[in-house]
Amino acid sequence: MTEPVHNVRVRRAIEAFAADPQRRTMLDVVRACLTGQLLLDVTGSELDISEGKLHTGSKLRISSNVGPDGKRALLAFTSNDEIARMHPAGARYQSIAQPAPAVLELAKRQGAGWLYIDPAERTAALSAADIDYALRHPRNDRLSAAIADAEAGRGSRQAVISAFVADGPLLLAGQLAEGQRRDEKPQLRVTQRPDGSTALLAFTSAPEVAARDPKDGIVATTTTKVLEQLQSGPFASIVINPAGPWIELSKTELVAAG
């Protein structure tokens, strides 16, 4: 039996945004929405579910509302408790769990102008532009999930390494030097380690890049290509998602696993 959905990271990001609504805290909500699961309120639907799967013939009625500009607002939730707050006390409701990125993809596919998360009270509303930015660039959801699980104590460092050496998308951050033209190759973002060696910075999604520095450009690559860079280049390690939750993996352990 699967555990009930309770996306603590997204909920905390929403509360931080509600307390201090600005672009930085909204960006934290967006990047949190690329991890874990979210719930959709499908009360009134006709669902054919067995063995944990939704079968053909089910008729979904996904709860939605209207945004401030009159455009459709899809509703999503971090827990069933948040869904219950949208209904009269004691009323029955239905919900289905989806990977959080899939909920963003659903909102975009349906042309929704907004995605409201936990709309009962302290909420955050992702605009269509926010959603498009999160989905426009390649993402490595497997690696992001492995890092989140390791940070929460549900996973392991070895699981993160395994996710990295399995070929998948990866983003690097690029900074143009003073006087450098935009058509020239940007300088990759790195960080100095305590022992004086250099670590390459890498990211699992575009919002993770922006969370560190919104002025940085995005360089799309793959974990395989970065592993090759680590083997032949000057980097001692790689730091993934430095805005947090983050992890540093050494060249030695990655080369050994690859």
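Just so it is clear, the model here is predicted, and its values are computed rather than measured. (Residues numbered from 1 in each chain as written. Predicted model: local features only at pLDDT ≥ 70, side-chain atom pairs only at ≥ 80, totals over all residues. Heavy atoms only, no water.)

Novice: Sorry if this is basic, but what is going on with the pattern of salt bridges here?
Specialist: A side chain with one charge may pair with a side chain of the opposite charge, provided their charged atoms come close. One pass over the full model with this rule turns up 21 salt bridges. Glu121 is paired through a salt bridge with Arg85; the nearest N and O atoms lie 2.7 Å apart. Of this pair, Glu121 sits in the loop between β7 (114–117) and β8 (124–127) while Arg85 sits in the loop between α3 (80–84) and β6 (95–99), and the two are 36 residues apart along the sequence. Owing to a relative accessible area of 53%, Glu121 belongs among the exposed residues under this scheme. (Salt bridge = Lys/Arg side-chain N within 4 Å of Asp/Glu carboxyl O. Helix = DSSP H or I, 4+ residues; strand = E, 2+ residues; numbered from the N terminus. Buried < 20%, exposed > 50% of the residue type's maximum accessible area, 1.4 Å probe, protein only.)

Novice: Sorry if this is basic, but what is going on with the packing of helix α6 (residues 141–152) against helix α7 (residues 157–165) here?
Specialist: The description of two helices packed together rests on the angle between their axes and the distance between the axes. At a closest axis distance of 9 Å, the pairing of α6 and α7 adopts a crossing angle of 170°. One way to sum up the angle between α6 and α7 is to call them roughly antiparallel. Mapping the contact onto sequence places Arg142, Leu143, Ala146, Ile147 and Ala150 in α6 and Ala159, Val160, Ser162, Ala163 and Phe164 in α7. In the contact of α6 with α7, the residues fall into eight nonpolar, one polar and one charged. (Axes fitted to C-alpha atoms, helices over the stretch in contact; angles between N-to-C directions. Parallel < 35°, antiparallel > 145°, perpendicular 65-115°, else oblique. Contact = heavy atoms within 4.5 Å. Nonpolar A, V, L, I, M, F, W, Y, C, P; charged D, E, K, R; others polar.)

Novice: What exactly am I supposed to notice about the sheet that holds β7 here?
Specialist: What links the strands of a sheet is backbone hydrogen bonding, and the strands pair in either a parallel or an antiparallel sense. Strand order in this open sheet of four strands is β4-β5-β7-β8, and the pairing throughout is mixed. With partners counted over all chains shown, the strands left at the sheet margins are β4 (64–66) and β8, one partner each. On average, each strand axis in the sheet is inclined to that of its neighbour by 30°, with strand direction left out of account. Sheet topology note: the strand β5 (residues 72–76)/β7 ladder contains four bridges and is parallel. Paired with Leu74 across the two strands is Leu115, which belongs to β7. Against the sheet, helix α2 (residues 23–32) touches β7 and β8, its axis set at about 80° to β8. Its contacts with the sheet place helix α5 (residues 128–136) against β7 and β8, and it is angled at close to 70° to β8. (Pairing = 2+ DSSP bridges.)

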